[in-house]
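Observations on the model geometry
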Amino acid sequence: MAYWRAPARPRKSSWRPFLVFNQQFLTLIRAGLPILGSIELLARRQKLPHFRAQLEDVATRVKNGESISEAFVAQGGFPIVYTTTLLAASAPETWKKSCNATSTSSASRSPSARSSSPA
């Protein structure tokens, strides 16, 4: 006779603190806060001691002149796609293209453009 067994509870992902940090970091930057100030703020609020230490080290390295991508790479354990994205985003040409693309896409969303699109 087989007994019914409750499914195992899913384990909390070890990525959760990083994902929460990244979402909050993006929100602060979009709100206009400086990158360094945002990292320092999120480091102070971080409850996990190891992750807090990593963020504090990132802030220190950035203060001392390292790029943000180099500072995150030095910590180890961060996804390569994350640090590569930070590297690409920190290039001045990328910022200019991003700003131009944003203003261009905003213009293409004019009321007349929206009314002609199929519903």
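Check the entry above for the structure.
Structure report, in brief. (Residues numbered from 1 in each chain as written. Predicted model: local features only at pLDDT ≥ 70, side-chain atom pairs only at ≥ 80, totals over all residues. Heavy atoms only, no water.)

1. Let's talk about the packing of aromatic side chains
This is how the line gets drawn: Planes of paired rings set the category: under 30 degrees apart is stacked, over 60 is edge-to-face and the rest tilted, where pairs are Phe, Tyr or Trp rings (Trp by its six-membered ring) whose centres lie within 6.5 Å. Going along the chain from the N terminus, every DSSP run of H or I of four or more residues is numbered as a helix, and every run of E of two or more is numbered as a strand. Only protein chains enter the calculation, and the probe is 1.4 Å; a residue is then buried if its accessible area is under 20% of its type maximum, exposed if over 50%, and partly exposed in between.
Enumeration over the complete set of coordinates arrives at 10 aromatic pairs. Judged by centre distance (4.9 Å) and plane angle (85°), the rings of F18 and Y82 are edge-to-face. You can see F18 sitting in helix 1 (residues 16-30) and its partner Y82 sitting in helix 5 (residues 80-89), a full 64 residues away along the chain. Taking 6.2 Å as the distance between ring centres and 45° as the angle between the ring planes, the aromatic pair formed by F21 and F72 counts as tilted. Of this pair, F21 sits in helix 1 while F72 sits in helix 4 (residues 68-75), and the two are 51 residues apart along the sequence. Take F72: its relative accessible area is 0%, and that puts it in the buried class. Grouped by ring-pair contacts, the aromatic residues W15, F18, F21, F25, F51, F72, F78 and Y82 constitute a single cluster.

2. Observations concerning the pattern of salt bridges
As a reminder, the rule being used: By definition, a salt bridge exists where a carboxyl oxygen of Asp or Glu is found within 4 Å of a side-chain nitrogen of Lys or Arg.
Throughout the structure, instances matching the rule amount to 3 salt bridges. The closest approach of N and O atoms between E40 and K63, which form a salt bridge, is 2.9 Å. Here E40 is found in helix 2 (residues 35-45), whereas its partner K63 is found in helix 3 (residues 49-63), with 23 residues between them in sequence. The class of E40 is partly exposed, set by a relative accessible area of 23%. Take K63: its relative accessible area is 54%, and that puts it in the exposed class. A salt bridge links R61 to D57; the shortest N-O distance between them is 2.7 Å. Note that R61 and D57 are positioned in helix 3 at a spacing of 4 residues, about one turn of the helix. Accessibility expressed as a relative area gives 26% for R61, which makes it partly exposed.

3. Let's talk about the nonpolar core
Using the following cut-off: We call a set of buried residues a nonpolar core when its members are Ala, Val, Leu, Ile, Met, Phe, Trp, Tyr or Cys and they connect through side-chain atoms within 4.5 Å of each other. The contact rule is simple, with two residues in contact once any of their heavy atoms fall within 4.5 Å.
Ranked by internal contacts, the top residues of the largest apolar core, which has 17 residues, are F21, F25, I39, L55, I68, F72 and Y82. Those elements that provide at least two residues to this core are helix 1, helix 2, helix 3, helix 4 and helix 5. When neighbours within four sequence positions are excluded, I39 is seen to be in contact with F25, L55, V58, A59, I68 and F72.

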